[in-house]
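One letter stands for each residue in the lines below.
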Amino acid sequence: MALNIPSFSEKRASQLRDAIRIIAWDTYKTENQIKGKDKAYKAYEVFKVEWESHEIHELDYNGVVEFALDLGYEIKDLLAVRTEHYIRRNELNGTAKKYDIALNKDNPYDF
């Protein structure tokens, strides 16, 4: 196995794509009136196919930033959405770390 160390821009582009995925999934659930875990799991499989074929995966860091800005999102806001999502998920799963909980309570938008 080869060691793969992504550049900062590759890592940041991945984080931004993930934030946009979170927003797109929330919108998809709302638009399709998906409620409940069972329905969400089934619906995510459909969403996932569409998401994985989206053009955003072809974009480099600058392309992802431009894509986000064209949608009206600020980069810091996307990163905050992603951070909040994972903190909330970890709290619901009971896997939140003390750092996550402190970050959420103090200032979830302070990077």
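Residues numbered from 1 in each chain as written. Predicted model: local features only at pLDDT ≥ 70, side-chain atom pairs only at ≥ 80, totals over all residues. Heavy atoms only, no water.

A. Up close: the packing of helix α1 (residues 8–31) against helix α4 (residues 75–93). Where α1 meets α4, the axes come as close as 9 Å, and the angle between the chain directions of the two elements is 70°. When the axes of α1 and α4 are compared, the pair comes out roughly perpendicular. For the pair α1 and α4, the crossing hand works out as left-handed. Residue-level contacts link R12, Q15, L16, D18, A19, I20, R21, I22 and I23 of α1 to I75, L78, L79, V81, R82, H85 and Y86 of α4. Tallied by class, the residues present in the contact of α1 with α4 amount to ten nonpolar, two polar and four charged. (Axes fitted to C-alpha atoms, helices over the stretch in contact; angles between N-to-C directions. Helix = DSSP H or I, 4+ residues; strand = E, 2+ residues; numbered from the N terminus. Parallel < 35°, antiparallel > 145°, perpendicular 65-115°, else oblique. Left-handed = near helix turned anticlockwise from the far one by under 90°. Contact = heavy atoms within 4.5 Å. Nonpolar A, V, L, I, M, F, W, Y, C, P; charged D, E, K, R; others polar.)

B. The arrangement of α1 in detail. The end-to-end C-alpha separation of α1 is 34 Å, in line with the 34 Å expected for 24 residues at 1.5 Å each. Inspection of α1 places A13, Q15, L16, R17, D18, A19, I20, R21, I22, I23, W25 and Y28 among the buried residues, and these make up the whole buried set. Among the structural elements, α2 (37–52), α3 (61–70) and α4 are those in contact with the buried residues of α1. Immediately beyond the C-terminal end of α1, within one or two residues, lies Q33, with a positive phi of roughly 50°. (Expected span 1.5 Å × (residues − 1). Buried < 20%, exposed > 50% of the residue type's maximum accessible area, 1.4 Å probe, protein only.)

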